[in-house]
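# Examining the three-dimensional arrangement
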Amino acid sequence: MCGIVGYVGPRPATSIVVNGLQRLEYRGYDSAGIAVLHEDRIHVRRDAGKLSNLIALLAQQPIDGNLALGHTRWATHGRPSQQNAHPHSDASGEIVVVQNGIVENYRELRESLQAEGIEFRSETDTEVIVHLLALNYSAAGGLAEAVRKTMGHLKGPSAIVAMTSREPDRLVAARLGNAGGVAIGLGDGETFVASDIPAILEHTRRMVFLEDGQVALITRDGVQVETLAGQAVKPEIHLIPWDPISAAKGEFRHFMQKEIFEQARSVTDTIRGRVDFDAGEVVLGQLNLSPERARSFNRIVIVACGTSAYAGLVGKFLLEAIARIPTEVDYGSEFRYRDPIIDEQTLLLAITQSGETVDTLAAMEEGRNKGAFVVSIVNSIGSQAARVSDGVITMHCGPEIGVASTKAFTTSVVDQYLLALALAQARDSIGPAHRRRLLNDLAHLPRLIGQVLDPNDNALYLDLAERFHGYRNFLFLGRGINYPIALEGALKLKEISYIHAEGYPAGEMKHGPIALIDREMPVVAIAVQDSVYDKMISQIEQVKARSGIVIAVASEGDEFIASKADHVITVPSAPPLLTPVLSVLPLQRLAYEIAVWRGADVDQPRNLAKSVTVE
Ligand code: F6R
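Quick caveat: nothing in here was measured; it's all calculated off a predicted structure.

### Regarding the overall build of the chain
On a plain count of helices and strands, the chain comes out with 19 helices and 27 strands. Relative to the 2.2 N^0.38 estimate, which gives 25 Å for 615 residues, the radius of gyration of the chain is 25 Å and therefore close to what a compact globule would have. Its C-alpha atoms give the chain principal-axis dimensions of about 75 × 55 × 45 Å. For the chain, the proportion of its 615 residues judged to be buried stands at 62%. Taking as baseline every contact in the chain between residues at least 6 positions apart, the subset at least 24 positions apart corresponds to 72%. Summed over its atoms, the accessible surface of the chain is roughly 22500 Å², and 48% of this surface lies on carbon and sulfur atoms. Counting 59 positive and 74 negative side-chain charges, the chain places the centres of these two groups 2 Å from one another.

### Section: the layout of surface pockets
Counted as a void, the second largest pocket has a volume near 440 Å³. In terms of lining, the second largest pocket is formed by 23 residues, of which the most central are Pro241, Trp242, Ile381, Thr394 and His396. Those elements giving two or more residues to the lining of the second largest pocket turn out to be α7 (263-271), α12 (384-387) and β22 (391-394). Of the domains in this structure, domain 1 (3-243) and domain 2 (255-443) are the two that each give at least three residues to the lining of the second largest pocket.

### Section: the domain arrangement of the chain
Domain boundaries assigned for the chain yield domain 1 (3-243), domain 2 (255-443) and domain 3 (455-597). Measuring from the centre of the C-alpha atoms in domain 2 to the corresponding centre in domain 3 gives 26 Å. Contact residues are listed per partner, giving 24 residues for domain 2 and 21 residues for domain 3. Our enumeration of links across domain 2 and domain 3 arrives at zero salt bridges. Connecting domain 2 to domain 3 are five residue pairs in polar contact (both at pLDDT 80 or more). Elements represented by at least two residues in the side of domain 2 that touches domain 3 include exactly α6 (255-261), α9 (306-323), α13 (407-427) and α14 (432-452). Sort the elements by how many residues they give to the side of domain 2 that touches domain 3 and α9 lands first, with nine residues. A breakdown of the residues in the side of domain 2 that touches domain 3 according to their chemical character gives 16 nonpolar, seven polar and one charged.

### With respect to the packing of helix α15 (residues 458-468) against helix α19 (residues 579-597)
Axis separation between α15 and α19 bottoms out at 9 Å; the angle between their running directions is 55 degrees. Overall, the two elements α15 and α19 adopt an arrangement that is oblique. Read as a crossing pair, α15 and α19 show a hand that is right-handed. Between α15, through Asn458, Tyr461, Leu462, Leu464, Ala465, Glu466 and Phe468, and α19, the contact on the second element is made entirely by Pro586, Arg589, Leu590, Glu593, Ile594 and Trp597. Across the contact of α15 with α19, the residue classes tally to nine nonpolar, one polar and three charged.

### Describing the site of the ligand
Residues in contact with the ligand amount to 15 residues; listed here are only the nearest, Ser308, Thr352, Ser354, Thr357 and Glu495. Coverage of the ligand by the protein chains reaches 89% of its 410 Å² of free accessible surface. Put simply, the parts of the chain that give the shell around the ligand at least two residues each are α9 and α16 (483-497). In terms of residue class, the shell around the ligand is made up of five nonpolar, eight polar and two charged. Here the shell around the ligand gathers at least three residues from each of two domains, domain 2 (255-443) and domain 3 (455-597).

### A few points about the pattern of salt bridges
For the structure on display, the rule yields 27 salt bridges. Linking glutamate 145 and arginine 148 is a salt bridge whose minimum nitrogen-to-oxygen distance equals 2.6 Å. Residue glutamate 145 and its partner arginine 148 are located together in helix α5 (residues 143-151), separated by three residues, close to a single helical turn. With its nearest N and O atoms 3.5 Å apart, the salt bridge here joins arginine 368 to aspartate 390. Of this pair, arginine 368 sits in helix α11 (residues 358-369) while aspartate 390 sits in the loop between α12 and β22; the two residues are 22 residues apart in sequence, bridging distant segments of the chain. Put simply, Glu145, Arg148 and Glu226 are held in one network by salt bridges that share partners.

### What to know about the sheet that holds strand β21 (residues 373-378)
Strand order in the open sheet formed by five strands is β19-β18-β20-β21-β22, and the pairing between neighbours is parallel. This sheet does not close on itself; its edge strands, each paired only once, are β19 (327-331) and β22. Each strand of the sheet is rotated relative to its neighbour by a mean of 20 degrees, with strand direction disregarded. Relative to β21, strand β20 (residues 346-352) runs parallel, the two sharing six bridges. Across the sheet, leucine 347 pairs through a bridge with phenylalanine 373, a residue of β21. The strands that α11 touches are β18 (299-304), β20 and β21; relative to β20, the one it contacts most, it runs at about 165 degrees.

### Digging into unusual backbone geometry
Cis peptide bonds are those with omega within 30 degrees of zero, and the linkage from histidine 86 to proline 87 qualifies with -5 degrees. A positive phi is found at serine 547, a non-glycine position, where the angle reads about 65 degrees. Residue serine 547 is classed as partly exposed on the basis of its relative accessible area, which comes to 42%.

### Points about α16
For an α-helix, 3.6 residues make a turn, and residues three or four places apart therefore share a direction. Under the 1.5 Å per step criterion, the end-to-end length of α16 is 21 Å for 15 residues, consistent within 8% with the ideal 21 Å. Across the 15 residues of α16, 13 count as buried, placing the element largely inside the fold. Phi turns positive, to about 65 degrees, at tyrosine 498, one or two residues after α16.

### A few points about the side chain of glutamine 99
Its place among the elements puts glutamine 99 in strand β6 (residues 95-101). Under the relative-accessibility criterion, glutamine 99 is labelled buried at 1%. One polar contact links glutamine 99 to serine 158, side chain to side chain, over a distance of 2.6 Å. Here glutamine 99 is in contact with Cys2, Ile4, His71, His86, Asp125, Thr126, Ile129, Pro157, Ser158, Ala159 and Ile160, once residues within four sequence places are set aside.

### A short note on the pairing of strand β8 (residues 171-176)
Counting buried positions along β8 gives six out of six residues, so the element sits mostly inside the fold. Judged by which residues are buried, β8 turns out to be covered on both faces: Leu171, Ala173 and Arg175 on one side and Val172, Ala174 and Leu176 on the other are all buried. Hairpin connection from strand β7 (residues 158-164) to β8: six residues lie between these consecutive antiparallel strands. Both β8 and strand β12 (residues 214-219) contribute to a ladder of five bridges, which runs antiparallel. Pairing of alanine 173 across the sheet is with alanine 216, part of β12.

Cut-off values and rules
- Residues numbered from 1 in each chain as written.
- Predicted model: local features only at pLDDT ≥ 70, side-chain atom pairs only at ≥ 80, totals over all residues.
- Heavy atoms only, no water.
- Helix = DSSP H or I, 4+ residues; strand = E, 2+ residues; numbered from the N terminus.
- Rg over C-alpha atoms; globule rule 2.2 N^0.38 Å.
- Buried < 20%, exposed > 50% of the residue type's maximum accessible area, 1.4 Å probe, protein only.
- Contact = heavy atoms within 4.5 Å.
- Areas by Shrake-Rupley, 256 points an atom, 1.4 Å probe, with all protein chains shown as cover.
- Lys, Arg positive; Asp, Glu negative; His and termini not counted.
- Charge placed at Lys NZ, Arg CZ, Asp CG, Glu CD.
- 1 Å grid on protein atoms, 1.4 Å probe; cavity = no way out; pocket = protein on both sides within 12 Å on 5 of 7 lines; lining within 4 Å.
- Points joined across faces, edges and corners; volume = space filled by probe spheres on them.
- Domains from an automatic or database assignment.
- Salt bridge = Lys/Arg side-chain N within 4 Å of Asp/Glu carboxyl O.
- Polar contact = N/O pair within 3.5 Å; in protein donor to acceptor, adjacent residues only side chain to side chain.
- Nonpolar A, V, L, I, M, F, W, Y, C, P; charged D, E, K, R; others polar.
- Axes fitted to C-alpha atoms, helices over the stretch in contact; angles between N-to-C directions.
- Parallel < 35°, antiparallel > 145°, perpendicular 65-115°, else oblique.
- Left-handed = near helix turned anticlockwise from the far one by under 90°.
- Near = heavy atom within 4 Å.
- Pairing = 2+ DSSP bridges.
- Expected span 1.5 Å × (residues − 1).

Quick look at the structure:
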């Protein structure tokens, strides 16, 4: 969850590393630090709080060189403080390390190091790594060897990068388990390392990704990769298609706002090149699924976390309606703790924007061990989820930087629609004419998204934000395929505005939550014209009968609902299976404007991180 950036090359390294950290701050913002090699000595600057504190410190105490290593922290062990900030140094100050992950056996290691007289200066698990590196260094004959030895002592997922003033031409990175990515960017006479692509994308698109159990020796000439056992590995170079501009905020106030307004384009990119509209066929190039295997599935199990899990709940409707395969959805964090029933006839579908969420990765492993065919829908190219899957469907939505997921939600719903069609095609569950109709529906989706995301509508959202930003609780109601949208709307509001919000299946309201309804609990009701529209109207009536306030998301031209609800946000009519992609958009915009009104830190909400690489 923490962010790491390193540089070795001819240019001044501090600004490269700090700029990279700025692009990774969404991964953690409890503290930040940098180590720079200057005139044969390593100089460390670090501070608690956001990166801006480190930048201010660097302005007071500037330092530069051609080798540097930086870190933004999401605290696991030890509170956010200057002392606990990375990089951590050994007693001599000649070796430093940064880590993303957890050293699960750090207590034993710390005790045995203390028994040898080593003094600890922080409460972090990471500090044990640097002391182990120092101990192993002289015996090992070099930093790479010391890293290899040290990794052998660690338990738990961990990605580290280390440097030493004794070897001023290199960084050494290593990865153990599902600790999150380590991307090594190959430049011209310079090399970069980072825990996520956007940090270094402005410098190069040629990247090597470290696998579990690998060590990388990074010099300005490139990278050498070896296993922990010392066996050389030929690095595979990936060309990243994202452009650096798409990883920048541009004219938008926040990344989240930019990403909301990008959705017509990201959905277009997700469809582009994958659909033959005339033949009614879908081609998912990396799915690697033979028609025989596709016909063998008797169920689909979707595993994901957070927003991705809610996308999966929409996907259940799509896969069951189109491919006619029974589908269930489980949280990655719950799945493996209940001995799930999985076999070779199961298609296990993982949805993960980052491709690094440790709970989702563990669920995938569980599925794979039990013989399932594992497909992942991922956004991060080269991520662990993509690498360990039998088949991959990429989201094609470009980097998502805002901590609250928006465009990854809509593109992963569209990916599931495409997957459902690809399976239907292989299994003949619906005929070509029906498939053509469904694809034709999809072709109109980007235009409809564009209508909901009309920036000229902002006055409506600003008005709602002004009226409602002071409320402390919200209820979101939806039904059928729009029930997951109620969950997602509530999640968006709570995570960025810190207002308590609950998503509920509208029909269940009378079984409990109706007791909460009063003037203090606005109800957001998704009541688009679909098969459960009349039921939603009854639920709105029930709220109004108890003096509740209703904000409805309704279909354009629905005059009736305007007489029932207090406030109405409209979306264009859409084919039933695609309504969630439209109805989620006003909820994203509403959450965003309320959070901005409240002065919340929209892109970096407290306590959260973009890639959740710890359990
Ligand atoms: C919410 C949000 C999170 C993520 C979740 C899974 O806005 O972003 O709930 O959806 O942490 O992340 P990925 O999709 O990267 O596995």
